[in-house]
Amino acid sequence: MTLIDTHSHIYLSEFDVDRLDMMERAHKADLSKILMPAIDSATHEAMLLLEEKDPDCLAMMGLHPCSVKENYKDELKIARDHFDKRTFNAVGEIGLDLYWDKTFIEQQYAAFHEQLEWALHFDIPVSIHSRNATDECIQVVSAHQKGKLKGVFHCFSGNNEQAQQIIDLGLYLGIGGVVTFKNSGLDRVMETISLENIVLETDAPYLAPVPFRGKRNEPSYLKYVVEKLSEIKGVSAGEIAVITTANAEKLFAL
Ligand SMILES: [Zn+2]
């Protein structure tokens, strides 16, 4: 069995105490690749260093919507400059966050629009953060979907209709710990969604699945997501792994 964690911030300081052990647990849990979405310039170095040390950890590049502040144009330039130095598997994570702070919402939109164009320019996928902003993100993506845009709505937790809109746009749904949460409703939505349309993720160190809900999340916990999906879809864990890994390989050209 081979699994790919398509969204994991394992370069953050939460893992400084046990990063090597955490990676060993990940490999033992059949994780073949871990994709690391960027946040902002404060953590680029840690992310790129980890990628250098472990070739199974692959960096994305982009500006997270929660890091869009007064200086967002400088931050965008720093991220964009990285693309002139090397290639990345994806632009991420980018998008809109209407949960925390709406002060910079206009700037969030501007940064999202610009970075979607980077993805089209470099012909690579996007990893989209859409917290409390699924409809808004769908709208923005629609405007840039010229038939070529590919990517994933990371940590998808919307309804059936939103899931279908994303699939119709040609993007994937990133499914993680939320599917194991009681009353998330995502289990019901997943009953109607084909496995062909999803990729797996942890969003570590956040959103740990049951039975670790509320604790630090890590890639090896992906197995709990696989188990839950296996239960919902009535297929073996092995089949979940085969399909979702193939999806991730295709989407991120791994
Ligand atoms: Zn993230």
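Calculation criteria
- Residue positions within a chain follow its written sequence, with the count starting from 1.
- Local features in a predicted model are, by the rule used here, given only for residues with pLDDT of at least 70; side-chain atom pairs are given and counted only at 80 or more, and totals for whole chains, interfaces and linings are based on all residues.
- The basis for every side-chain value is the complete set of heavy atoms in the structure, and neither hydrogens nor water enter the calculation.
- Being paired, for any two strands, means DSSP has found at least two bridges between them.
- Counting from the N terminus, the helices are the DSSP runs of H or I reaching at least four residues and the strands are the DSSP runs of E reaching at least two.
- Axis definition: a line fitted to C-alpha atoms, over the contacting stretch in the case of helices. Angles run 0 to 180 degrees between N-to-C directions.
- Here, residues are in contact when the closest pair of their heavy atoms is within 4.5 Å.
- Donor atoms (N, O, S) are those found within 2.8 Å of the metal centre, with the cutoff raised to 3.2 Å for Na, K and Ca; water is not part of the atom list, so apparent gaps in a site can occur.
- Exposure classes here rest on a 1.4 Å probe applied to the protein chains alone. A residue is buried below 20% of its type maximum, exposed above 50%, and partly exposed in between.
- Here, a salt bridge means any Lys or Arg side-chain nitrogen found within 4 Å of an Asp or Glu carboxyl oxygen.
- The nonpolar core is taken to be a set of buried Ala, Val, Leu, Ile, Met, Phe, Trp, Tyr and Cys residues, with the residues joined through side-chain atoms within 4.5 Å.

Novice: Give me the sheet that holds strand 8 (residues 198-200): which residues, what numbers.
Specialist: Taken together, the five strands give an open sheet; going across it, the order is 4-5-6-7-8, and neighbouring strands pair in parallel fashion. Sheet topology places strand 4 (91-95) and strand 8 at the edges, where each strand pairs with a single neighbour. Strand-to-strand twist across the sheet, computed as the mean angle between neighbouring axes with direction ignored, equals 30°. The pairing of strand 4 with strand 5 (residues 126-129) spans four bridges and is classified as parallel. Within strand 5, the position partnered with Gly92 by the bridge is Ser127. Against the sheet, helix 8 (residues 222-233) contacts strand 7 (172-175) and strand 8, and its axis sits at roughly 145° relative to strand 8.

Novice: Give a detailed account of the coordination of the zinc ion, specifying residues and quantitative values.
Specialist: Within the protein, the zinc ion binds to His7 (NE2), His9 (NE2) and Glu93 (OE); these donor distances fall in the range 1.9 to 2.1 Å. Sequence spacing of the donors to the zinc ion: H-x1-H-x83-E. Here His7, found in the loop between strand 1 (3-5) and helix 1 (19-28), pairs with Glu93, found in strand 4; they are 86 residues apart in sequence, far enough to count as distant. For the pair His7 and Glu93, one class covers both residues: buried.

Novice: Residue-level account of the sheet that holds strand 1, with values.
Specialist: Pairing in this open sheet of three strands is parallel, and the strands run 1-2-3 from one edge to the other. For this open sheet the edge positions go to strand 1 and strand 3 (57-59), each flanked by a neighbour on one side alone. Averaged over all neighbouring strand pairs, the angle between strand axes comes to 20°, with direction disregarded. The sheet contact formed by strand 2 (residues 31-36) and strand 3 spans three bridges and is parallel. Bridge assignment links Leu35 to a residue of strand 3, and that residue is Leu58.

Novice: Explain the pattern of salt bridges to me, using residue names and the numbers behind them.
Specialist: Any two side chains of opposite charge can pair if their charged atoms end up close together. Tallied over the entire structure, the rule returns twelve salt bridges. One salt bridge in this structure joins Asp123 and Lys150, with 3.1 Å as the shortest N-O distance. Taken together, the positions of Asp123 in the loop between helix 4 (105-122) and strand 5 and Lys150 in the loop between helix 5 (134-144) and strand 6 (151-153) put the pair 27 residues apart, joining distant regions of the chain. Residue classification places Lys150 among the partly exposed positions, given a relative accessible area of 26%. Counted as one network, the salt bridges with shared partners bring together Asp18, Arg25, Arg216 and Glu218.

Novice: So what's going on with the nonpolar core? Residues and values would help.
Specialist: Within the largest apolar cluster, 75 residues are counted, with the highest numbers of intra-cluster contacts made by Ile10, Phe112, Leu173, Ile175, Met190, Ile198 and Leu229. In terms of residues, this core owes the most to one element, helix 4, which gives six residues. Other than its neighbours up to four places away in sequence, Phe112 contacts Ile94, Gly95, Leu96, Ile128, Cys137, Val140 and Val141. Core analysis: the next-biggest nonpolar cluster, separate from the first, contains eleven residues, Leu35, Ala90, Val199 and Phe252 among them.

Novice: Lay out unusual backbone geometry with the relevant residues and their values.
Specialist: In the segment running from Gly92 into Glu93, the intervening peptide bond is cis, with an omega of -5°. Going from Val210 to Pro211, the amide bond is cis rather than trans, its omega being 15°. Tracing the chain through its elements places Pro211 in the loop between strand 8 and helix 8. Non-glycine residue Asp123 carries a positive phi angle of around 55°.

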